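The lines below spell out each chain.
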Amino acid sequence: MASFEEFRKKAAEKAELIAGKASVFAKSAAEKTKTVARIGVLNADILAEKDNIRKASLEIGKLYYEYFKADPHAPMKELCDKIAASYAAIDA
């Protein structure tokens, strides 16, 4: 039968092994959390830039319509006609 001292020694070894594994796991989890947070920040930055592009594109479209609504270039004629028809419907 094993003595209490042997039992205590094996329990201490197992506890040390578990603590080591827990430390490795905690470090890995911390690194993963940092990575996920960085990805979140980058995705937010990308969304902000896409919103800037969307706003600038809308502004370009508005300016184009104001400058060329009377005589739009061929690829834009149909869209300018749709806008003019909507303005006419609003006025009516």
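Scroll up a little and you will see the structure.
Just so we're clear, the structure is a prediction, and the values are computed from it rather than from any experiment.

Caption draft 1: Just the overall build of the protein chain, in detail. When its secondary structure is counted, the protein chain shows two helices and zero strands. Over its C-alpha trace the protein chain gives a radius of gyration of 33 Å, far above what one expects of a compact globule, namely 12 Å for 92 residues. Counting only C-alpha atoms, the protein chain reaches 100 × 25 × 20 Å along its principal axes. A burial count over the protein chain gives 4% of its 92 residues as buried. Just so you have it, the protein chain exposes about 8400 Å², and 66% of that area is on carbon and sulfur atoms. Taking the average place of the 16 positive charges on the side chains of the protein chain and the average place of its 14 negative ones, the gap between the two points comes to 9 Å.

Caption draft 2: Expanded view of the environment of alanine 44. With respect to the helices and strands, alanine 44 occurs in helix α1 (residues 4–68). Taking relative accessible area as the criterion, alanine 44 reaches 44% and is therefore assigned partly exposed.

Caption draft 3: A look at the packing of aromatic side chains. Taken as a whole and assessed by the stated rule, the structure comprises two aromatic pairs. Taking 6.1 Å as the distance between ring centres and 35° as the angle between the ring planes, the aromatic pair formed by tyrosine 65 and tyrosine 87 counts as tilted. Here tyrosine 65 is found in helix α1, whereas its partner tyrosine 87 is found in helix α2 (residues 74–91), with 22 residues between them in sequence. On the accessibility criterion, tyrosine 87 (45% relative accessible area) is partly exposed.

Caption draft 4: Representation of the pattern of salt bridges in the model. Under the definition given, this model contains four salt bridges. Across the salt bridge formed by aspartate 51 and arginine 54, the nearest N and O atoms sit 2.8 Å from each other. Taken together, the positions of aspartate 51 and arginine 54, both in helix α1 and three residues apart, correspond to about one turn of that helix. Exposure remark for arginine 54: the relative accessible area of 43% places this residue in the partly exposed category.

Procedures and definitions
- Residues numbered from 1 in each chain as written.
- Predicted model: local features only at pLDDT ≥ 70, side-chain atom pairs only at ≥ 80, totals over all residues.
- Heavy atoms only, no water.
- Helix = DSSP H or I, 4+ residues; strand = E, 2+ residues; numbered from the N terminus.
- Rg over C-alpha atoms; globule rule 2.2 N^0.38 Å.
- Buried < 20%, exposed > 50% of the residue type's maximum accessible area, 1.4 Å probe, protein only.
- Areas by Shrake-Rupley, 256 points an atom, 1.4 Å probe, with all protein chains shown as cover.
- Lys, Arg positive; Asp, Glu negative; His and termini not counted.
- Charge placed at Lys NZ, Arg CZ, Asp CG, Glu CD.
- Phe/Tyr/Trp six-rings, centres within 6.5 Å; stacked < 30°, edge-to-face > 60°.
- Salt bridge = Lys/Arg side-chain N within 4 Å of Asp/Glu carboxyl O.

Fair warning: the whole summary comes from geometry, so function is off the table for now.
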